[in-house]
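The lines below spell out each chain.
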Amino acid sequence: MTSGPVNRDRFDRPLGSLRISVTDRCNLRCSYCMPEESYVWLPRASILTFEEIERLAGVFVRAGASKLRLTGGEPLLRQDLPNLVARLAGIPAVTDLALTTNALRLARAAAELRAAGLRRVTVSLDTLRADRFRDMTRADRLPEALAGIDAAVAAGFGALKLNAVIVRGVNDDEIGDLLAFGAARGLEVRFIEYMDVGGATRWSPDRVVSRREILRRIEARFGPVRVDDDRDPRAPAERFQLADGTCFGVIASTTEPFCRTCDRSRLTADGVWLLCLYAAEGISLRDLLRGGATDDELTDVIHRTWGARTDRGAEERQAVADRGALYQLERLRGDPHKEMHTRGG
């Protein structure tokens, strides 16, 4: 199989990257993503099987996608994940196969995932302090996350990244420490602005630490920062470099959205295809798949849908006056597909 011809939307953005959620479940309760006490979960019978994920991934590749990323929830909660990795790695036209994880289960899985064909790992870690980790996630498990990072390094994953969501008054005093931690281990740290996506019911503009402020704080501690020219223009992070060569990134989705170059879409664990992280609705590819649609028919749906895409969710949110949380709890309870942990980060 070879990747299909470039499929472009109304803003000339190619269908390049597909983020595949394999579960809506998570073993942490991060305050910026899952702050509530209880959640509505997707019915287990609706969750795509590995065979269905493999088939849909192949269809997306035929439609022009070449990069796949496994997400959740927490993807390592899905049993036998290396089996799925091996299936996806076997699709010839896939140029990149990555995983985003909180690393709690990574120590036991890193070597097997690497052997199965996983190419890259991104770890979500927002603090290096055990007490703060417990407060932010409602779990006293920082040592497990750190052990997972060490295991990924030992397994030989290249370009290992560490994502940190920065929230004012919560962990913004650790920007420098997180960067130093990553540099010491060969990890590229990416600082993410707090976003008002589904599930972020406690979001407010005053809690956002902007790209500009993040850079000012890094310069105050480490000295001059320059833009790194070696970056993929369609990557979500703008890359920077310190004088000693340390590279890091900032994902400024809230204050400086990158919608006009976004080539990503998302497939939920139950097969709903979302064209934007902020999309109000999606298309159930699972229903088409289980209803007997052929690969050609599925490919045609993807081509036509992407070709009509005009989504610019983050830019539209930026223009909202008196901006607050995207959804209140009642709407999230009524439609769990609007939750961040269902859509996949």
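Before reading on, note that the structure itself is shown above.
Residues numbered from 1 in each chain as written. Predicted model: local features only at pLDDT ≥ 70, side-chain atom pairs only at ≥ 80, totals over all residues. Heavy atoms only, no water.

Please provide a residue-by-residue account of the overall build of the chain, values included.
Scanning the chain from terminus to terminus reveals 12 helices and 12 strands. For 345 residues, the compact-globule formula gives about 20 Å, and the C-alpha radius of gyration of the chain, at 19 Å, lands near that figure. Overall size of the chain, expressed as C-alpha extent along the three principal axes, is 55 × 50 × 40 Å. Here the chain holds 345 residues, and the buried ones make up 58% of them. Taking all contacts inside the chain whose residues are at least 6 apart in sequence as the whole, residues at least 24 apart take part in 75%. In the form shown here, the chain has an accessible surface area of approximately 14,000 Å², with 49% of it arising from carbon and sulfur atoms. Measuring between centres, the 52 positive side-chain charges of the chain sit 1 Å from its 50 negative side-chain charges. (Helix = DSSP H or I, 4+ residues; strand = E, 2+ residues; numbered from the N terminus. Rg over C-alpha atoms; globule rule 2.2 N^0.38 Å. Buried < 20%, exposed > 50% of the residue type's maximum accessible area, 1.4 Å probe, protein only. Contact = heavy atoms within 4.5 Å. Areas by Shrake-Rupley, 256 points an atom, 1.4 Å probe, with all protein chains shown as cover. Lys, Arg positive; Asp, Glu negative; His and termini not counted. Charge placed at Lys NZ, Arg CZ, Asp CG, Glu CD.)

Please give an account of the environment of A164 that cites residues and values.
Structurally, the position occupied by A164 is in strand β5 (residues 161-166). Between the C-alpha atom of A164 and that of R10, which follows or precedes it by 154 residues, the distance is 32 Å. Excluding anything up to four places from it in sequence, A164 contacts L125, D126, L178, R190, F191 and I192.

Explain the pattern of salt bridges to me, and be specific about the residues and the numbers.
A full pass over the atoms with the stated rule returns 36 salt bridges. Its salt-bridge partner being R202, residue E36 comes within 3.3 Å of it at the nearest N-O pair. In this pair, E36 sits in the loop between β1 (17-21) and α1 (50-62) while R202 sits in the loop between β6 (188-193) and α7 (211-222), placing the two residues 166 residues apart along the sequence. R202 sits in the partly exposed class, given a relative accessible area of 42%. For D296, the salt bridge goes to R62, with nearest N and O atoms at 2.5 Å. With a gap of 234 residues between them, D296 in helix α9 (residues 295-307) and R62 in helix α1 connect regions that are remote in the sequence. The class of R62 is partly exposed, set by a relative accessible area of 32%. Residues participating in the shared-partner salt-bridge network are R129, D131, R132, D173 and E174. (Salt bridge = Lys/Arg side-chain N within 4 Å of Asp/Glu carboxyl O.)

Lay out the sheet that holds strand β10 (residues 264-267) in plain terms, naming residues and giving numbers.
For sheets, the rule is that strands pair by backbone hydrogen bonds, running either parallel or antiparallel. Strand order in the open sheet made by the 12 strands is β7-β8-β9-β6-β5-β4-β3-β2-β1-β10-β11-β12, with mixed pairing throughout. Every other strand in the sheet has two partners, leaving β7 (225-227) and β12 (283-284) as the edge strands with one partner each. Two elements, strand β11 (residues 272-274) and β12, share two bridges in a ladder whose sense is antiparallel. For W273, the partnering residue across the bridge sits in β12 and is I283. With respect to the sheet, helix α2 (residues 81-89) is in contact with β1, β2 (67-71) and β3 (96-101), its orientation differing from that of β2 by roughly 170°. (Pairing = 2+ DSSP bridges. Axes fitted to C-alpha atoms, helices over the stretch in contact; angles between N-to-C directions.)

Now, about the nonpolar core: what can you tell me, with residues and values included?
Counting 106 residues, the largest nonpolar core has L88, L113, F191 and F248 as the members making the most contacts within it. Per-element tally for this core: the top contributor is α1, with seven residues. Not counting chain neighbours up to four residues away, the residues in contact with F191 comprise A164, I166, I175, L178, L179, I214, I218, F248, G249, V250 and I251. (Core = buried A, V, L, I, M, F, W, Y, C linked by side-chain atoms within 4.5 Å.)

The values are spatial; any link to function lies outside them.
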